[in-house]
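Here is what each chain is made of, one letter per residue.
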Amino acid sequence: MIFTFPPTTTERVALVTILRVTVEAGGDLVHHMNESRDAMVGVLSTPGAPCSDRIAALERYLPFAFSLVATIEAHPSMRFNDVLKYEWSSILYRKPEKKFEISQRLFDISSILSALAGAKCSQAAETIATATSADEFKSSAKVACKLLREAAGLFDLNADRFLSHWATFPSKRPPEVMLPIARACALVCIAQAEELTVKKGVLDGTPLAVLVRLVFNVAAKYAAAQTLLTESNELDDIDKTFTAYVSASAHYHRAVALKMVAESFAEQKTDGVVPRYGEAVPLAIEAKRVMALALKIKLPERLAQLHQEIETEARALDELHDRIRRENDTIYFVLPIEMALIEI
């Protein structure tokens with residue numbers, strides 16, 4: 001499943017009053033900037049606004065936000081008529097309704113990029129949810145993968161271009177403005193895109209060896225994101241649904257990858273004689289151990305789909321282990337014909 005971030009909201013900022021301009025053209029630009037931001041605020045404040053509307057509103061104002069930051073960077077001594085403060089809710093804070101008011105020139109564009117990435121993830125989830133057949137899933141997966149990769153790029157852009165230039169961080173801040181958290185979000189988005197690629201590959205008949213490598217890559221990205229989250233000072237403030245999703249996904253996909261390798265060994269022939277049960281059994285045992293770690297994580301109702309996927313794969317893994325263990329025992333304990341002829 002695709003993790004959906006909660007929609008964010010922001011408050012109006014009187015840019016026409018705060019920004020000091022010396023020429024008429026500058027005044028017109030600030031006026032248009034103020035109008036565009038007010039329009040964005042209106043869309044984001046609308047309960048149940050479609051993801052497409054939120055994305056469009058954020059993208060319309062984004063060039064103005066970038067222009068303002070670039071202008072301030074180019075003129076460090078630029079003066080204001082009042083303190084430039086922004087107020088935004090968070091896509092990751094444990095209380096999604098809480099808003100953070102921060103006087104930081106980069107806070108607005110950083111929050112816009114995070115909100116835009118979150119909205120693209122939600123739209124990707126909606127796109128996949130509309131698929132009712134294999135063909136529709138293949139078509140929807142392409143669109144969703146593109147959205148998820150764009151979201152990952154936005155998180156990375158935010159980290160590289162803006163968050164890395166914050167001189168100081170306030171004690172009260174949204175988790176996603178910290179570099180490790182933004183990096184973790186980007187990894188999760190890429191992992192989700194690759195996860196959809198695997199599911200589409202199964203339908204397309206992609207060779208198992210290719211799928212196994214992809215699933216291991218998915219597990220590695222989730223594991224890297226989990227490390228960034230757990231080692232961060234923001235861990236206690238991050239929505240527990242997100243941390244549980246990342247942790248469970250890391251264990252789950254590694255277990256699935258190990259299961260796929262075990263299956264391939266159980267079907268593979270050694271010298272054209274027998275499957276490689278002796279190698280498949282320990283892989284299945286390790287897969288069960290890792291899957292148990294995923295099952296141990298308490299997933300909230302919001303992640304019911306992921307919980308169901310894990311349970312389904314766990315049952316299939318148990319069946320696989322029982323089957324290859326029986327086959328391996330049969331091969332191990334059956335005496336060769338010539339041994340039966342020896343008199344003891």
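Up top is the structure these notes are about.
These numbers come from a predicted model, not from an experiment.

*Asks:* Help me understand the overall build of the protein in this model?
*Replies:* The helix and strand tally for the protein stands at 11 helices and four strands. In terms of overall size, the protein is more extended than a compact globule, its C-alpha atoms giving a radius of gyration of 26 Å where 344 residues would be expected to give roughly 20 Å. Its C-alpha atoms give the protein principal-axis dimensions of roughly 110 × 40 × 35 Å. Taken over 344 residues, the protein has a buried fraction of 44%. Counted over contacts in the protein with a minimum sequence separation of 6, partners at least 24 positions apart contribute 73%.

*Asks:* What's the story with the nonpolar core in this structure? I'm lost.
*Replies:* Among soluble globular proteins, nonpolar side chains are generally buried collectively. Counting 108 residues, the largest nonpolar core has Phe 5, Leu 15, Trp 88, Phe 242 and Tyr 245 as the members making the most contacts within it. Tallying contributions element by element places helix 8 (residues 240-267) first for this core, with 16 residues. Beyond its immediate sequence surroundings of up to four residues, Phe 242 is in contact with Phe 3, Phe 5, Leu 92, Cys 185, Val 188 and Leu 229.

*Asks:* Any chance you could explain the pairing of strand 2 (residues 99-102) here in plain terms?
*Replies:* In strand 2, alternate side chains face the same way, and those of Phe 100 and Ile 102 are buried while those of Lys 99 and Glu 101 on the opposite face are not. Where strand 1 (residues 86-89) lies against strand 2, four bridges are found, and the strand directions are antiparallel. Residue pairing in the sheet places Trp 88 in a bridge with Phe 100 of strand 2.

*Asks:* Help me understand the pattern of salt bridges, please; the structure alone is not making it clear to me.
*Replies:* Opposite charge on two side chains lets them pair, provided their charged atoms get close. Inspection of every chain in the model, using the stated rule, returns 25 salt bridges. Across the pair Glu 11 and Lys 99 runs a salt bridge whose closest N-O atoms are separated by 2.3 Å. Taken together, the residues span a long stretch of sequence, with Glu 11 in the segment before helix 1 (15-18) and Lys 99 in strand 2 at a distance of 88 residues. Given the relative accessible area of 25%, Lys 99 is considered partly exposed.

*Asks:* What am I meant to see in the environment of Ser 67 here?
*Replies:* Structurally, Ser 67 is set in helix 3 (residues 51-74). The spacing of Ser 67 and Pro 96 is 29 residues in sequence and 29 Å in space, taken between C-alpha atoms.

*Asks:* What is the right way to look at the environment of Met 260 in this model?
*Replies:* Here Met 260 is to be found in helix 8. Met 260 sits in the buried class, given a relative accessible area of 10%. Remark: the alpha-carbon pair of Met 260 and Leu 211, spanning 49 residues in sequence, is separated by 8.7 Å.

Analysis parameters
- Residues numbered from 1 in each chain as written.
- Predicted model: local features only at pLDDT ≥ 70, side-chain atom pairs only at ≥ 80, totals over all residues.
- Heavy atoms only, no water.
- Helix = DSSP H or I, 4+ residues; strand = E, 2+ residues; numbered from the N terminus.
- Rg over C-alpha atoms; globule rule 2.2 N^0.38 Å.
- Buried < 20%, exposed > 50% of the residue type's maximum accessible area, 1.4 Å probe, protein only.
- Contact = heavy atoms within 4.5 Å.
- Core = buried A, V, L, I, M, F, W, Y, C linked by side-chain atoms within 4.5 Å.
- Pairing = 2+ DSSP bridges.
- Salt bridge = Lys/Arg side-chain N within 4 Å of Asp/Glu carboxyl O.

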